[in-house]
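What follows is the residue order along each chain.
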Amino acid sequence: MKTVIMAGGKGTRISSIAQDIPKPMIWIEGKPVLEHEIECLRDQGFTDIIITVGHLGNVITGYFGDGSGISPASGRPFGVNIEYFVENEPLGNAGALFRIKDKLTEDFLLLNADALFDIDFQRFAAFHKTHGGLATLFTHPNSHPYDSGLIIAGDDGSVKQWLTKEDARPLYYRNRVNAGLHIISPKLLKQDIPAQKIDLDRHLLKPLANTGQMFVYDSPEYVKDMGTPERYESVCRDVRAGRVHSRNLQKKQKAVFLDRDGTINRYIGFLRDEKEFELLPGAAEAIRLINDSGCLAVVVTNQPVIARGEVSVDGLQNIHNKMETLLGLEGAYLDAIYYCPHHPHKGYEGEIPELKIDCDCRKPKPGMLLRAAADLNIDLTQSWMIGDSETDMDAGKAAGCRCILINNGTEEVGKTFTLSDAVKQILEGEANG
């Protein structure tokens, strides 16, 4: 699969860091950000690369050449084959694709050159092939969804709405952000777009929303734009701490599994409406600490209200959207949410018979944790379960996790009382080896 890297931007937001080099050539911990990208691709077998260059493009071409030479930074071969397309006039961020479309005869990776990432591209490509869309978007949660472009998708992963940060959005929304990594079918380049500058999002991708031809690939892997001085410094810190490479799903992940009711939000019995959802004090701070640690934050929650017919799947999604929105406003995010819709006891008015079963996912059984482990390559023996009931503890132990029981002040249980206490205890233990 070919890779096209768009490296023609001027990087005006980060000009205080570097004014005389293009943004992709800004150095992060010993090498240009573009070299970090190329190494990630090369190490996974993606060695056929086309780079589109514009502003100060000679700096990029002079450094990398055709990819057959030696890196001035590392002293090792680049190990790739690079072609260039030089934009002598502004074509928009997708205009170059139409000029090189003869070289793009099969589905291809399309990446921005101003982000640092380390993801399992083989996994991404396999997802795209399985779903068979014209485009697949790499999406992930981030710490600022309120000012990011959001993607709303159906249960099958097909994109329903594409909301830019300027667009009106629902009051509550899922933290699913477009990360700027794509797999594109060359069929998209067969259309005639009557514009001097062609915009990737506006002209090519957004029109695919609600057509069933564009899908989201949700992943917790590391992708971060370094387009501002603040984000640049954050990326540098993450590289130094090892958080970038460790989040690639080829590597075993550590997770903190979280119960929902009574752990993240105030317990009220059966929660049936998003209006009743209220974050517990300190919950967002605790989850933000998990995010900063490099561990995955994964919710696993029993939701028998679905089987009882008291809440629809869409209603539950509304509750979870509120949870993600409120967390996002405080700079925290969840990497995944798993819920069990089943309930073994029959006889409720309005119940859904096919969900009234003795399943493998309802806690205290470990099914949700085991599914998360399979989906996200989690090492359960290095992970934790935090919850407010013995049911949570039994599920965590059955999965092989270490467990912490909390009570949030409701009763005297051990020495750990809040989610914040539990997370700090975990992180202090990790820091001490």
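Refer to the preceding data block for the structure.
Residues numbered from 1 in each chain as written. Predicted model: local features only at pLDDT ≥ 70, side-chain atom pairs only at ≥ 80, totals over all residues. Heavy atoms only, no water.

Asker: Residue-level account of the overall build of the protein, with values.
Answerer: Assigned secondary structure in the protein consists of 12 helices and 18 strands. Taking 433 residues into account, the globule formula puts the C-alpha radius of gyration at 22 Å, and the protein, at 23 Å, falls close to it. In the protein, once contacts between residues fewer than 6 apart in sequence are set aside, the share between residues at least 24 apart is 71%. Summing over all exposed atoms, the protein offers an accessible surface of approximately 19,100 Å²; the carbon and sulfur share of this is 48%. The average position of the 48 basic charges and that of the 60 acidic charges among the side chains of the protein differ by 1 Å. (Helix = DSSP H or I, 4+ residues; strand = E, 2+ residues; numbered from the N terminus. Rg over C-alpha atoms; globule rule 2.2 N^0.38 Å. Contact = heavy atoms within 4.5 Å. Areas by Shrake-Rupley, 256 points an atom, 1.4 Å probe, with all protein chains shown as cover. Lys, Arg positive; Asp, Glu negative; His and termini not counted. Charge placed at Lys NZ, Arg CZ, Asp CG, Glu CD.)

Asker: Quick one: what's the story with the layout of surface pockets, residue by residue and with numbers?
Answerer: Here the second largest pocket is characterised by a volume of approximately 1,400 Å³. Around the second largest pocket sit 42 residues that line it, and Arg174, Arg176, Asp218, Gln317 and Ile337 are the ones nearest its centre. Every element with two or more residues in the lining of the second largest pocket is listed here: helix 4 (121–131), strand 8 (135–140), strand 9 (150–153), strand 12 (214–218), helix 9 (313–329), strand 16 (336–340) and helix 10 (367–376). In terms of residue count, helix 9 provides more of the lining of the second largest pocket than any other element does, eight residues in total. In the lining of the second largest pocket, the residues fall into 20 nonpolar, 11 polar and 11 charged. (1 Å grid on protein atoms, 1.4 Å probe; cavity = no way out; pocket = protein on both sides within 12 Å on 5 of 7 lines; lining within 4 Å. Points joined across faces, edges and corners; volume = space filled by probe spheres on them. Nonpolar A, V, L, I, M, F, W, Y, C, P; charged D, E, K, R; others polar.)

Asker: How would you explain helix 11 (residues 390–399) if you had to name every residue and give the values?
Answerer: Buried within helix 11 are the following residues: Asp392, Met393, Ala395, Gly396 and Ala399. Viewed end-on, helix 11 has its buried residues packed into an arc of 165 degrees, placing them on one side of the element. Those residues of helix 11 that are exposed and aimed more than 90 degrees away from the buried face are Lys397 and Ala398. On its buried side, helix 11 packs onto helix 10, strand 17 (384–387) and strand 18 (402–405). With its phi angle positive at about 95 degrees, glycine 400 sits one or two positions after the end of helix 11. (Buried < 20%, exposed > 50% of the residue type's maximum accessible area, 1.4 Å probe, protein only. Arc of directions from axis to C-beta.)

Asker: Tell me what's going on with the packing of aromatic side chains, and back it up with residues and numbers.
Answerer: Under the definition given, this model contains nine aromatic pairs. An angle of 55 degrees between the planes, with centres 5.9 Å apart, marks the rings of tyrosine 63 and phenylalanine 78 as tilted. One end of the pair, tyrosine 63, is in helix 2 (residues 57–64); the other, phenylalanine 78, is in the loop between helix 2 and strand 5 (81–86), with 15 residues separating them in the sequence. Summarising the burial analysis for this pair, tyrosine 63 and phenylalanine 78 share the class buried. What links up through ring pairs into an aromatic cluster is the set Phe124, Phe127, Phe138 and Tyr217. (Phe/Tyr/Trp six-rings, centres within 6.5 Å; stacked < 30°, edge-to-face > 60°.)

Asker: Break down the pairing of strand 18 for me, citing the residues and quoting the values.
Answerer: Note: strand 17 against strand 18, four bridges, orientation parallel. Among the inter-strand pairings, glycine 387 is bridged to a residue of strand 18, identified as leucine 405. On the question of chirality, the crossover connecting strand 17 to the parallel strand 18 by way of helix 11 is right-handed. (Pairing = 2+ DSSP bridges. Right-handed = clockwise from strand over helix to strand, strands pointing away.)

Asker: Can you explain the environment of valine 216? Please cite residues and give values.
Answerer: With respect to the secondary-structure elements, valine 216 resides in strand 12. As for valine 216 and threonine 136, which are separated by 80 residues in sequence, their C-alpha atoms are 5.7 Å apart. In contact with valine 216, not counting residues within four places along its chain, are Phe127, Leu137, Thr139, Ile151, Ala153, Gly157, Val159 and Arg176.

Asker: Tell me what's going on with the side chain of glutamine 303, and back it up with residues and numbers.
Answerer: By secondary structure assignment, the location of glutamine 303 is in the loop between strand 15 (296–302) and helix 9. Excluding residues within four positions of it along the chain, glutamine 303 makes contact with Arg260, Asp261, Leu316, Tyr339, Cys340 and Pro341.

Asker: Can you tell me about the sheet that holds strand 14 (residues 255–258), naming the residues and giving the values?
Answerer: Through backbone hydrogen bonds, the strands of a sheet pair up, either in parallel or in antiparallel fashion. Taken in spatial order, the five strands of this open sheet run 16-15-14-17-18, and their pairing is parallel. At either margin of the open sheet sits one strand with a lone partner, and together these are strand 16 and strand 18. This sheet shows a mean twist of 20 degrees between the axes of neighbouring strands, independent of strand direction. Here strand 14 runs beside strand 15; their pairing, made up of four bridges, is parallel. (Axes fitted to C-alpha atoms, helices over the stretch in contact; angles between N-to-C directions.)

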